[in-house]
Amino acid sequence: MAEALNLVFDLDGTLIDSAPQIHAAANAVFTARSLPGFALATVLGFIGNGLGVLVGRLLAHQGLEAEGPLHRDLVADFMRIYEQAFDLTSLYPGAAEALQDLAAAGHHLAICTNKPEAPARAILHHFGLAELFPVVIGGDTLPLRKPDPAPLHAAIAALGPARTLFIGDSEVDAETARAADVPLALFSGGYRKAAPEEMGTELVFDHHAALPRLVAQLQGRRPGKG
Ligand SMILES: O=C(O)COP(=O)(O)O
Ligand SMILES: [Mg+2]
């Protein structure tokens, strides 16, 4: 059998298009406290560093203090919605099929996301993907989150020794991959801000049907050659 790899996936903007859900949740929790809502583009630009940072950026955007009791309350409100609202979240086309194929080929799959672990697990369950991912590291699983390499290292340690590919969509993922010295496959259709060619990886895909080919490409490379 061909070499089995560790395939560690980011979640928001990589496997699921969750920005409309995060946008709706932001508007629900802010307007419930008589604060204004946000445009989708505003919320989208703040996704990537986890829920605490998202809420801090949203507060700062309204000229409010980015930390403190209001921040804490809004994060708690968000969490309640996050764990049960999936109607505005979709899997990217071909993602479920690609994951099934990769798992069937014997690769080891994990999630390394800055979304808190409980909602990350809930959404995987919702889409019938939970069983494909024996390892889920969320933004609150460890004291440190991406772009610190610790969560990616933890995912790899839990999967066991094998060459690893990290699959993500954002600058945060690119920085994490660099810091962990793991190759990144960049999904160009997610929530990045920079151009793909500026993100330091030649492994770029715009449809998940291309993933098995990218993985085969990595298998064809000699270990240690990146
Ligand atoms: O929730 C976030 O801010 C980002 O989540 P991600 O790491 O899955 O892209
Ligand atoms: Mg992402």
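Quantities reported herein were computed from a predicted structural model and do not represent experimental measurements.

Calculation notes
- Residues numbered from 1 in each chain as written.
- Chains lettered and ligands numbered in written order.
- Predicted model: local features only at pLDDT ≥ 70, side-chain atom pairs only at ≥ 80, totals over all residues.
- Helix = DSSP H or I, 4+ residues; strand = E, 2+ residues; numbered from the N terminus.
- Rg over C-alpha atoms; globule rule 2.2 N^0.38 Å.
- Contact = placed C-beta atoms within 7 Å.
- UniProt positions renumbered as here; feature names shortened; annotations may be inferred.
- Buried ≥ 20, exposed ≤ 12 C-beta atoms within 10 Å, placed from the backbone.
- Near = placed C-beta within 6 Å.
- Nonpolar A, V, L, I, M, F, W, Y, C, P; charged D, E, K, R; others polar.
- Domains from an automatic or database assignment.
- Core = buried A, V, L, I, M, F, W, Y, C linked by C-beta atoms within 7 Å.
- Arc of directions from axis to C-beta.
- Pairing = 2+ DSSP bridges.

1. Some points on the overall build of the protein chain
Next, step 1: Along the protein chain, the regular secondary structure elements total 9 helices and 8 strands.
Next, step 2: Computed over its C-alpha atoms, the radius of gyration of the protein chain comes to 17 Å, within 12% of the 17 Å expected for a compact globule of 226 residues.
Next, step 3: Expressed along its principal axes, the backbone C-alpha trace of the protein chain runs to roughly 60 × 35 × 30 Å.
Next, step 4: Considering only residue pairs separated by 6 or more positions, the protein chain has 62% of its internal contacts joining residues 24 or more positions apart.

2. Observations regarding the UniProt feature "binding site: Mg(2+)" (unreviewed entry) in the protein chain
Next, step 1: UniProt tags Asp-10, Asp-12 and Asp-169 as "binding site: Mg(2+)" (unreviewed entry). The annotated residues occupy 160 residues of the chain but converge on a single region, no pair of C-alpha atoms lying more than 8.2 Å apart.
Next, step 2: Summarising the element assignment, Asp-12 is placed in the loop between β1 (6-9) and β2 (16-17).
Next, step 3: Using a count of 24 C-beta atoms within 10 Å as the deciding quantity, one classes Asp-12 as buried.

3. Looking at the UniProt feature "active site" (unreviewed entry) in the protein chain
Next, step 1: The positions UniProt marks with the feature "active site" (unreviewed entry) are Asp-10.
Next, step 2: Tracing the backbone shows Asp-10 in the loop between β1 and β2.
Next, step 3: Other than its neighbours up to four places away in sequence, Asp-10 contacts Cys-112, Thr-113, Ile-167, Gly-168, Asp-169 and Asp-173.

4. Here's the deal with the site of ligand 1
Next, step 1: Around ligand 1, the structure places 13 residues, and the nearest of them are Leu-11, Asp-12, Thr-113, Asn-114 and Lys-115.
Next, step 2: Its residues assigned to classes, the shell around ligand 1 shows 3 nonpolar, 7 polar and 3 charged.
Next, step 3: Lining the shell around ligand 1 are residues from two domains, each supplying at least three of them: domain 1 (6-17 + 91-220) and domain 2 (19-82).

5. A closer look at the nonpolar core
Next, step 1: Formed by 40 residues in total, the largest nonpolar core has its most connected members in Leu-7, Val-8 and Ile-111.
Next, step 2: Among residues more than four places away in sequence, those in contact with Val-8 are Ala-110, Cys-112, Leu-152, Ala-155, Ile-156, Thr-164 and Phe-166.

6. Observations concerning the domain arrangement of the protein chain
Quoted interface sizes are often the accessible area lost when the parts come together.
Next, step 1: On domain assignment, one finds that the protein chain holds domain 1 (6-17 + 91-220) and domain 2 (19-82).
Next, step 2: Computed from C-alpha coordinates alone, the two centres of domain 1 and domain 2 are separated by 24 Å.
Next, step 3: With 11 residues of domain 1 in contact, the opposing surface of domain 2 contributes 9 residues.

7. A closer look at helix α6 (residues 117-126)
Next, step 1: Here α6 has its buried residues at Pro-119, Ala-120, Ile-123 and Leu-124. Down the axis of α6, the smallest arc covering the buried residues is 140°, so these residues share one side.
Next, step 2: One or two positions beyond α6, positive phi appears at Gly-128, with a value near 70°.

8. Re the environment of Tyr-191
Next, step 1: Structurally, Tyr-191 is set in the loop between β7 (184-187) and β8 (204-205).
Next, step 2: Sequence-wise, Tyr-191 and Leu-58 are 133 residues apart; in three dimensions their C-alpha atoms are separated by 17 Å.

9. Focus: the sheet that holds strand β6 (residues 164-168)
Next, step 1: The sheet built from 6 strands is open, its strands ordered β5-β4-β1-β6-β7-β8 with parallel pairing. A single partner strand is all that each edge strand has here, and the edge strands are β5 (135-137) and β8.
Next, step 2: Here β1 pairs with β6 via 4 bridges, running parallel. For Leu-7, the partnering residue across the bridge sits in β6 and is Leu-165.

10. Things to note about the environment of Asp-148
Next, step 1: Along the chain, Asp-148 turns up in the loop between β5 and α7 (150-159).
Next, step 2: Note on Asp-148: 15 C-beta atoms within 10 Å, which makes it partly exposed.
Next, step 3: Separated by 51 residues in the primary sequence, Asp-148 and Glu-97 place their C-alpha atoms 30 Å from one another.

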